[in-house]
Amino acid sequence: MAKLNGDALGKIDEIVARHRNQAGPCIEMLHEVQNELGYIPFEAMEKIAEATGTSVAEVYGVVMFYSQFTTEPKGKHVINVCLGTACYVKGAQQLVDRVEKMTGAAVNKTSADGLFSLDATRCLGACGLAPVCIIDGKVYGNALMGNSFTNELRKIILAERGAKA
Ligand code: FES
């Protein structure tokens, strides 16, 4: 496991101190650490457990329960492909295959160069637009029709990797 730098540890300390005396602080702290660092390192779980008087195992259990928390750093760009039933029926697997091929990131993993993460998600609540994908927070409905999703992804890949893409 890679060591955290002083900046990251300082941010974790600040978040833990800010929520220490609030009700239900564990989730708040985890949300802030996730937002700040992009993932929840083990050191953060240790500090949160100590501050809230719980065990690291309990904090880890919370992290594993909620799909928005992750224990691994994400890539610079995150692509979510919905694999809910409506999206799956409308061809979401083709999108997964396409994103894997284009970015080099396997499902729920990050590409070797750290640029792209491909996350399979549950229903995003936009089934009428199936299949649905998200690139860096921007939603693309009917992602197999037209080229807007693929073109946007291609543009980002070109900008990041240049002619090697
Ligand atoms: S199944 Fe994909 S948005 Fe609902």
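Worth saying up front: this structure is predicted, and the values here are computed from it rather than measured.

Undergrad: Hey, could you run me through the overall build of the protein chain in this one?
TA: Helix and strand counts for the protein chain come out as 7 helices and 5 strands. When the helices and strands of the protein chain are listed from N to C terminus, the series reads α-α-α-α-β-α-α-β-β-β-β-α. In terms of overall dimensions, the protein chain has C-alpha extents of about 50 × 35 × 20 Å along its principal axes. Considering the protein chain as a whole, with its 165 residues, one finds that 37% of them fall into the buried category. Residue pairs in contact within the protein chain that sit at least 24 positions apart in sequence constitute 58% of those at least 6 positions apart. Roughly 9300 Å² of accessible area belongs to the protein chain as shown, and the carbon and sulfur atoms make up 53% of that amount. Computed over 17 positive and 18 negative side-chain charges, the separation of the two mean positions in the protein chain equals 9 Å.

Undergrad: Looking at this structure, how should I read the packing of helix 1 (residues 6–19) against helix 3 (residues 42–52)?
TA: The relative placement of two packed helices comes down to the angle between their axes together with the axis-to-axis distance. Closest axis-to-axis distance for the helix 1/helix 3 pair is 10 Å, and the angle between their directions is 25°. In this view, helix 1 runs roughly parallel relative to helix 3, as classed from their interaxial angle. Considering how the two elements wind past one another, helix 1 and helix 3 form a crossing that is right-handed. Along the contact surface, helix 1 presents Leu9, Ile12, Asp13 and Val16, while helix 3 presents Glu43, Ala44, Lys47, Ile48 and Ala51.

Undergrad: Help me understand the layout of surface pockets in this model?
TA: Unoccupied space between atoms shows up once a probe the size of one water molecule is rolled over them. Counted as a void, the largest pocket has a volume near 780 Å³. Taken together, the elements giving at least two residues each to the lining of the largest pocket come down to helix 4 (56–65), strand 1 (77–82), strand 2 (109–110) and strand 3 (116–121). Residues that form the lining of the largest pocket fall into these classes: 9 nonpolar, 13 polar and 6 charged. Each of two domains, domain 1 (6–65) and domain 2 (77–164), supplies a minimum of three residues to the lining of the largest pocket.

Undergrad: How do you make sense of the domain arrangement of the protein chain when you look at a structure like this?
TA: When the parts come together, some accessible area is lost, and that loss is often what is quoted as the size of the interface. Here the domain parsing of the protein chain yields domain 1 (6–65) and domain 2 (77–164). On a C-alpha basis, the centres of domain 1 and domain 2 stand 30 Å from each other.

Undergrad: Even after reading the chapter, I still don't get the packing of aromatic side chains, so can you show me in this structure?
TA: For the structure shown, the criterion picks out 3 aromatic pairs. Relative to Phe69, the ring of Tyr66 has its centre 6.0 Å away and its plane inclined at 80°; by these criteria the two rings are edge-to-face. We classify Tyr66 as partly exposed; its relative accessible area is 33%. Relative accessible area serves as the criterion here: at 6%, Phe69 is assigned to the buried category. Judged by centre distance (5.9 Å) and plane angle (65°), the rings of Tyr140 and Phe149 are edge-to-face. The class for Phe149 is buried, based on a relative accessible area of 2%. Put simply, the rings of Phe65, Tyr66 and Phe69 pair up and form one aromatic cluster.

Quick notes on the rules
Residues numbered from 1 in each chain as written. Predicted model: local features only at pLDDT ≥ 70, side-chain atom pairs only at ≥ 80, totals over all residues. Heavy atoms only, no water. Helix = DSSP H or I, 4+ residues; strand = E, 2+ residues; numbered from the N terminus. Buried < 20%, exposed > 50% of the residue type's maximum accessible area, 1.4 Å probe, protein only. Contact = heavy atoms within 4.5 Å. Areas by Shrake-Rupley, 256 points an atom, 1.4 Å probe, with all protein chains shown as cover. Lys, Arg positive; Asp, Glu negative; His and termini not counted. Charge placed at Lys NZ, Arg CZ, Asp CG, Glu CD. Axes fitted to C-alpha atoms, helices over the stretch in contact; angles between N-to-C directions. Parallel < 35°, antiparallel > 145°, perpendicular 65-115°, else oblique. Left-handed = near helix turned anticlockwise from the far one by under 90°. 1 Å grid on protein atoms, 1.4 Å probe; cavity = no way out; pocket = protein on both sides within 12 Å on 5 of 7 lines; lining within 4 Å. Points joined across faces, edges and corners; volume = space filled by probe spheres on them. Nonpolar A, V, L, I, M, F, W, Y, C, P; charged D, E, K, R; others polar. Domains from an automatic or database assignment. Phe/Tyr/Trp six-rings, centres within 6.5 Å; stacked < 30°, edge-to-face > 60°.

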